[in-house]
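So the chains spell out like this:
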Amino acid sequence: MADVTDLIDSEVFQAFATYATIVLLKMMLMSPLTGYCRMTRKAFSNPEDVAMHAKGDDTKKYLRTDATVERVRRCHLNDLENIVPFLGIGLLYALSGPELDTALFHFRIFVGSRICHTFSYLVPLPQPCRAVSWMAGMGATFSMAYRLLSTGLRL
């Protein structure tokens, strides 16, 4: 069995850390984008947020939903639903000692699919662009999970 420090120093783990950082930064940028859309569209969900823009009865017109803000929020939610499993499964996969080329293939497919998904969600591009990019990312994550279970299953 490989030493933990050898696994962490491996090229596969370093690649995972790089691609994980990219998708985490991408996901983190969705919060400021949501705030930007709220500010420019003057569509707030909390009364205390409206207080900076209006007083009295005017506050009610800013407490509303906006299609653009909701689109950004749904994109962010989709990131949370997909990036978190990738981080867990990808970490275990990287530590299982896969071939570098195979691991890079999985990591790159996932990261590319999330960037394409965000772009196709926010532009918006016609379907099936968003669906195909989502499926590619899920496929990469499920493929890593399958490889983990089929090669390292200890029941």
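So, a few notes on the structure that sits alongside this text.

Calculation criteria
Residues numbered from 1 in each chain as written. Predicted model: local features only at pLDDT ≥ 70, side-chain atom pairs only at ≥ 80, totals over all residues. Heavy atoms only, no water. Core = buried A, V, L, I, M, F, W, Y, C linked by side-chain atoms within 4.5 Å. Buried < 20%, exposed > 50% of the residue type's maximum accessible area, 1.4 Å probe, protein only. Helix = DSSP H or I, 4+ residues; strand = E, 2+ residues; numbered from the N terminus. Contact = heavy atoms within 4.5 Å. Phe/Tyr/Trp six-rings, centres within 6.5 Å; stacked < 30°, edge-to-face > 60°. Lys NZ or Arg CZ within 6 Å of the ring centre and 35° of its normal. Salt bridge = Lys/Arg side-chain N within 4 Å of Asp/Glu carboxyl O. Axes fitted to C-alpha atoms, helices over the stretch in contact; angles between N-to-C directions. Parallel < 35°, antiparallel > 145°, perpendicular 65-115°, else oblique. Left-handed = near helix turned anticlockwise from the far one by under 90°.

The nonpolar side chains of a soluble globular protein tend to be buried, and buried together. Counting residues in each nonpolar core, the largest one holds 20 residues, and the members touching the most others are Phe 16, Val 23, Phe 86, Tyr 93, Ala 94, Phe 107 and Phe 110. Taken together, the elements giving at least two residues each to this core come down to helix 2 (11-41), helix 5 (67-95), helix 6 (100-122) and helix 7 (129-152). Non-local contacts of Phe 16, meaning those with residues more than four positions away in its chain, are made with Phe 86, Leu 87, Gly 90, Leu 91, Ala 94 and Phe 107. Core analysis: the second largest hydrophobic core is formed by seven residues, Met 30, Cys 37, Ala 43 and Val 69 among them.

What follows deals with the packing of aromatic side chains. By the definition in use, this model includes seven aromatic pairs. Put simply, the rings of Phe 13, Phe 16, Tyr 19, Phe 86, Tyr 93, Phe 107 and Phe 110 pair up and form one aromatic cluster. Directly above the aromatic system of Tyr 121 lies the positively charged group of Arg 130, at a separation of 4.3 Å from the ring centroid.

Inspection of the secondary structure assignment puts Val 132 in helix 7. Its relative accessible area of 47% is what places Val 132 among the partly exposed residues. Taking the C-alpha atoms as reference points, Val 132 and Ala 51, 81 residues apart in sequence, are found 42 Å from one another.

The next point concerns the environment of Gly 90. With respect to the element layout, Gly 90 can be found in helix 5. Sequence separation of Gly 90 and Leu 148 is 58 residues, and the distance between their C-alpha atoms is 9.7 Å. With sequence-adjacent residues up to four places away left out, Gly 90 is seen in contact with Phe 16, Pro 85, Phe 107 and Met 144.

A separate point is the pattern of salt bridges. Scanning the entire structure with this criterion turns up five salt bridges. The salt bridge involving Asp 66 is made with Arg 41; its shortest N-O contact spans 3.7 Å. Here Asp 66 is found in the loop between helix 4 (59-62) and helix 5, whereas its partner Arg 41 is found in helix 2, with 25 residues between them in sequence. The exposure class assigned to Arg 41 is partly exposed, which follows from its relative accessible area of 39%. Asp 66 serves as the salt-bridge partner of Arg 64, at 3.8 Å between the closest nitrogen and oxygen. The class for Arg 64 is partly exposed, based on a relative accessible area of 34%. Residues joined by salt bridges that share partners form a network here, namely Lys 26, Asp 79 and Arg 114.

Summarising the element assignment, Glu 48 is placed in helix 3 (residues 47-50). Considered as a pair, Glu 48 and Arg 64 are 16 residues apart in the sequence and their alpha carbons are 13 Å apart.

This next bit is on the packing of helix 6 against helix 7. Two numbers describe a pair of packed helices, the interaxial angle and the distance between the axes. Relative to each other, helix 6 and helix 7 sit at 155°, their axes nearing to 8 Å. One finds that helix 6 runs roughly antiparallel with respect to helix 7. Of the two possible hands of crossing, helix 6 and helix 7 adopt the one that is left-handed. Of helix 7, the residues touching helix 6 (which contributes Thr 102, His 106, Phe 107, Ile 109, Phe 110, Ser 113, Arg 114, Cys 116, His 117, Ser 120 and Tyr 121) are Cys 129, Arg 130, Ser 133, Trp 134, Ala 136, Gly 137, Ala 140, Thr 141, Ser 143, Met 144 and Arg 147.

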